[in-house]
Structure formats: C-alpha cells, structure tokens
Amino acid sequence: MNLEKINLYHLRMPLRSPFETSFGRIKTRECLLLEGFSDGVIGYGECVADRDPGYSYETSVTALHILRDYLIPSVLEKNIKSAQEMQSLVQFVRGHPMAKAGLEMVFWDIKGKMENASLSQLFGGGVEKVPVGVSVGIQESPLELVNIVTSYLSDGYGRIKIKIKPGRDIADIKAIRSEFPDLPMQVDANSAYTLETSEVFGEIDRFGLILIEQPLAEDDLWDHKLLQGKLNTPICLDESIISPRHARQALEMQACRIINIKAGRLGGLSQAVEVHNIGYSQNIPVWCGGMLETGVGRAANLALATLPGFTLPGDISATDRYYHRDITHQVFTLNPDSTINVPVEPGLGIEIDHKAVNQYTLSKISI
Ligand code: OSB
Ligand code: MG
C-alpha cells in the first residue's frame with residue numbers, strides 16, 4: 001500500500017452524559033479522525049487521545065503534533081506491506097502509542113478494502129457477535145449509581161463496570177451489590193490508589209467481583225504484584241500494559257491475572273493482537289477496553305474482540321450509550337444477549353457520516 005495523503009480531523013463531540021473517573025470528568029470527547037488515501041481507496045482511523053492528559057500523557061493536541069510532524073511524513077509514499085512494516089517506520093518516535101495506533105488503523109481499513117476482507121477476517125477472528133458490558137462513571141451518590149445501573153440493566157447489558165476512587169468505593173459497590181447480588185460486576189480505579197492506601201481492597205475483595213482494574217500507578221507493576229498476592233479477586237491491568245513485553249513481564253511477576261487490551265494504549269491493533277496471543281497462550285483472560293470511541297474505533301474494537309482469547313465482555317457499548325449523533329452511518333445496537341454484532345463489510349466495515357464530521361470538526365489539516 002502506498003499512502004499518498006492523510007487528512008487529520010480534530011473532533012470534539014458532546015457525550016450524552018458526562019463520564020467521571022478518578023482522573024476527571026469528561027463532558028465532551030475529543031479525538032482525531034484520520035482519513036488516508038491509497039490507490040483510490042480511502043481508509044479511516046481513530047486516534048483515541050482525549051483533550052486532557054488524565055488517562056495517559058497523550059492528548060488530542062500532542063497526537064496532532066506527533067502525527068503531523070513525525071508519523072505521517074515517515075509513512076507517506078512508502079510501499080507498506082504489513083502493520084509490522086508500518087510499526088518499524090514509526091519506531092523512531094518514542095512513546096505516543098495512541099497517535100501510532102490511529103495511523104495503523106488506517107492501514108488496516110485500507111488493507112481490508114483492498115483485499116475485500118473485514119478486519120475480523122484479517123485478524124482471524126471467528127464469531128459474528130461479541131459479549132459486551134457497560135462502563136459506568138462515578139455518580140453524585142450511590143443511590144444515583146444504582147438508578148443508572150438499573151437503567152443499563154434494563155437496556156440489556158449483562159455486565160457492569162463501575163469507576164471507583166478513594167472515598168467513592170465501598171459505599172458504591174455495596175449499594176449495587178445489595179440491589180443486584182449476582183450481577184457480573186467489576187471496578188476500575190484508573191490508578192487512584194497506592195500500596196499505602198490499598199487496605200480498602202481487602203474489603204472490596206469480599207464482593208465477588210470479576211476483577212479489579214488498575215488499582216495502582218501505571219508505572220508500578222511491582223506493587224500490583226504485592227497487592228495481587230493479598231487478594232482473591234483478579235487484578236486486571238489497563239494503563240500499566242503498554243507493550244507486549246509489559247504484558248509478558250506483568251504475567252511473569254504475577255502482577256495481574258487478567259489483561260485489558262486497548263489498541264490505542266498499545267500503539268496499534270497489531271500489538272493488541274500480540275498481547276491477545278500472549279494471554280491466550282497462557283490461559284490468561286483478556287478483554288477489550290474502551291476509550292469512548294466513535295463508530296470508527298468501535299468497529300476496530302469489535303473486530304479485535306472476535307479473537308478467541310477475548311473471553312470476558314468488552315467495554316464496547318452501543319452507540320446510544322455515548323452519542324446522540326456519531327460520525328458513522330452505522331449505529332451499533334445491543335442485542336438482547338448483551339452482545340454487539342461485528343461489522344462484516346471490508347476493512348472496518350463502516351461508512352463515515354461526513355456531515356456529522358463537519359459538525360464536530362475543530363480543525364482539519366492535510367499532509
Ligand atoms: O480506564 O477503561 C478506562 C474511558 C476513557 C478512558 C479510560 C477508560 C474509559 C472507560 C470507558 O472505562 C470504556 C468505554 O469506552 O465504554
Ligand atoms: Mg481502565
């Protein structure tokens with residue numbers, strides 16, 4: 001594939017409701033839409049970096065800079081035959097995985113369209129729909145949280161994840177557990193605790209959760225190992241797993257028993273597949289995390305989650321959980337069995353709603 005040009009759209013999209021985590025409250029989501037051109041084929045990618053550096057150091061503006069000034073110039077007019085080849089072209093840029101992943105997604109969409117294969121087929125996935133859950137932000141009160149969870153359950157979601165932080169943990173978990181004793185449920189702290197403030201997990205351990213996601217700092221595999229040693233509930237790492245090598249090391253030192261896979265955090269779908277393969281070969285469950293994606297990133301997540309090691313429901317919810325109006329014509333809906341259908345059309349299998357893109361575009365540049 002020979003990429004001739006890439007357009008970068010900086011988008012700002014209103015969320016249907018604010019999403020609050022231990023690192024902040026997101027009211028409108030920013031991301032970059034990449035539009036690549038190769039031999040008459042147009043492919044898309046989503047860079048999931050948000051406006052603020054709360055989840056990671058990357059922001060929509062750092063990603064814009066890195067893509068415009070380094071990544072895109074280094075891949076244009078090269079004959080790229082594989083994602084690995086693209087990765088080696090951008091390897092000279094240290095870090096900035098979300099920027100790299102957005103670019104790699106363009107490669108996959110174009111490759112699929114050229115070969116008349118869906119992303120799921122290219123990855124070797126074998127299912128038509130994947131199990132999903134919903135990630136619920138911190139609410140005003142435990143009572144409000146129970147109300148929101150109740151409404152997601154009535155929508156058909158079969159697994160709930162709630163965000164926690166110091167001071168907003170036990171009471172919230174207890175409130176849901178007393179209303180829904182058997183609900184498949186997990187919590188995500190987004191690095192809000194330290195080993196010193198981690199006693200609360202001894203209590204959280206008693207609520208029969210599927211997993212505890214990223215309790216401690218992202219650069220702290222070792223303390224996760226110490227904490228995991230004291231808990232029955234599996235720790236699942238999100239922020240800490242930034243490469244296949246980190247995945248291997250985290251498993252070797254038993255810092256976690258489950259891995260959350262996000263292509264953005266890992267620098268590309270190809271590395272997401274690699275982390276899946278590591279987990280799969282060791283019988284370690286993996287699942288697909290989410291970054292409040294548009295339909296573009298959601299399509300990629302659905303394709304990824306068709307791989308056989310994705311044995312836990314993904315944070316891939318229906319379009320209407322996030323947006324009134326998305327930038328794809330496809331609207332992803334929830335099936336009654338808490339699954340979402342995987343796109344079958346070539347590449348990502350989505351069509352861009354250009355009017356919606358125009359409505360949300362803060363700036364557009366062509367490289
Ligand atoms: O930690 O999983 C996370 C959203 C933004 C940043 C980080 C996270 C999340 C979510 C939302 O939990 C998952 C989704 O897209 O539904
Ligand atoms: Mg997380």
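Given the structure is predicted, the values throughout are model-derived calculations rather than measurements.

Trainee: Before we go on, may I ask you to explain the nonpolar core in this structure?
Mentor: Most often, soluble globular proteins keep nonpolar side chains buried together rather than apart. Ranked by size, the top nonpolar core spans 121 residues in total, and within it Leu103, Ile162 and Leu304 carry the most contacts. Considering every element that reaches this core, the biggest residue donor is helix α3 (residues 97-115), with eight residues. Each of domain 1 (5-116 + 351-366) and domain 2 (121-341) gives at least three residues to this core. Among residues more than four places away in sequence, those in contact with Leu103 are Ile6, Leu34, Leu67, Leu71, Ile72, Val75, Met86 and Val90. In terms of nonpolar packing, the next biggest core, distinct from the first, is built from five residues, Leu211, Cys236, Ile258 and Trp287 among them.

Trainee: Looking at this structure, how should I read the pairing of strand β3 (residues 41-47)?
Mentor: Every regular strand shows the same layout, with side chains that alternate between the two sheet faces. Burial of β3 is extensive: six of the seven residues sit out of reach of the surface. In this sheet, β3 lies alongside strand β2 (residues 24-38) in antiparallel orientation, the contact comprising seven bridges. Following the sheet pairing, Glu35 is matched in β3 by Tyr44. What sits between β2 and β3 in their antiparallel hairpin is a turn of two residues, with Asp39 showing a positive phi close to 50°.

Trainee: Just to check I follow, could you spell out the site of ligand 1 for this structure?
Mentor: With respect to spatial proximity, 17 residues lie near ligand 1, and among them Ser135, Asp188, Asn190, Leu292 and Tyr322 are the closest. Side-chain polar atom of Ser135 to an oxygen atom of ligand 1: 3.0 Å apart, as the coordinates give it. The side chain of Lys262 places a nitrogen or oxygen atom 3.0 Å from an oxygen atom of ligand 1. Look at ligand 1: alone it shows 390 Å² of surface, and the protein chains cover 99% of it. Judged by its atoms lying within 2 Å of the grid points, ligand 1 is housed in the second largest pocket. Residue composition of the shell around ligand 1, grouped by class: six nonpolar, three polar and eight charged. Counting contributing residues per domain, the shell around ligand 1 is built from domain 1 (5-116 + 351-366) and domain 2 (121-341), each supplying no fewer than three.

Trainee: I would appreciate a short explanation of the sheet that holds strand β9 (residues 235-237) in the present structure.
Mentor: To summarise the sheet geometry, strands pair through backbone hydrogen bonds and adopt either a parallel or an antiparallel arrangement. Spatially, the seven strands line up as an open sheet ordered β5-β6-β7-β8-β9-β10-β11, and their pairing is parallel. Of all strands in the sheet, those bounded by a partner on one side alone are β5 (134-136) and β11 (286-288). Relative to β11, strand β10 (residues 258-261) runs parallel, the two being bridged by three bridges. Residue pairing in the sheet places Ile261 in a bridge with Cys288 of β11.

Trainee: Would you mind showing me how to read the coordination of the magnesium ion (ligand 2) here?
Mentor: For a metal bound by four donors in tetrahedral geometry, the ideal donor-metal-donor angle is 109.5 degrees, whereas six donors in octahedral geometry ideally sit at 90 or 180 degrees. Only Asp188 (OD), Glu213 (OE) and Asp238 (OD) from the protein coordinate the magnesium ion (ligand 2), and they sit 2.0 to 2.3 Å from it. Counting along the primary sequence, the residues that act as donors to the magnesium ion (ligand 2) give the motif D-x24-E-x24-D. Here the residue Asp188 occupies a position in strand β7 (residues 185-188), and Asp238 occupies one in the loop between β9 and α9 (244-252), the gap between them amounting to 50 residues. Look at Asp188 and you get buried, because its relative accessible area is 0%.

Trainee: Explanation requested: empty space enclosed by the protein in the structure shown.
Mentor: Gaps between atoms show up when a probe of the same size as a water molecule is rolled over them. Counted by the stated rule, this structure contains two cavities of 30 Å³ or more. What lines the largest cavity is a set of 17 residues, among which Val48, Met105, Ala263, Gly264 and Glu293 lie closest to the centre. Only β3, α3, α10 (263-266) and α12 (295-304) provide two or more residues apiece to the lining of the largest cavity. Counting residues per element, the lining of the largest cavity draws most heavily on α3, which supplies four residues. Here the lining of the largest cavity is composed, by residue class, of nine nonpolar, five polar and three charged. Both domains that furnish three or more residues to the lining of the largest cavity are identified here as domain 1 (5-116 + 351-366) and domain 2 (121-341). What the second largest cavity holds in volume is close to 30 Å³. Around the second largest cavity sit Val130, Pro131, Cys288, Ala305, Phe310, Leu312 and Gly314, which together line it. Among the residues forming the lining of the second largest cavity, the class breakdown is six nonpolar, one polar and no charged.

Here is what the cut-offs are and how they apply
Residues numbered from 1 in each chain as written. Chains lettered and ligands numbered in written order. Predicted model: local features only at pLDDT ≥ 70, side-chain atom pairs only at ≥ 80, totals over all residues. Heavy atoms only, no water. Core = buried A, V, L, I, M, F, W, Y, C linked by side-chain atoms within 4.5 Å. Buried < 20%, exposed > 50% of the residue type's maximum accessible area, 1.4 Å probe, protein only. Helix = DSSP H or I, 4+ residues; strand = E, 2+ residues; numbered from the N terminus. Domains from an automatic or database assignment. Contact = heavy atoms within 4.5 Å. Pairing = 2+ DSSP bridges. Near = heavy atom within 4 Å. Polar contact = N/O pair within 3.5 Å; in protein donor to acceptor, adjacent residues only side chain to side chain. Areas by Shrake-Rupley, 256 points an atom, 1.4 Å probe, with all protein chains shown as cover. 1 Å grid on protein atoms, 1.4 Å probe; cavity = no way out; pocket = protein on both sides within 12 Å on 5 of 7 lines; lining within 4 Å. Sits in = over half its atoms within 2 Å of the grid points. Nonpolar A, V, L, I, M, F, W, Y, C, P; charged D, E, K, R; others polar. Donors = N, O, S within 2.8 Å, 3.2 Å for Na, K, Ca; no water. Points joined across faces, edges and corners; volume = space filled by probe spheres on them.

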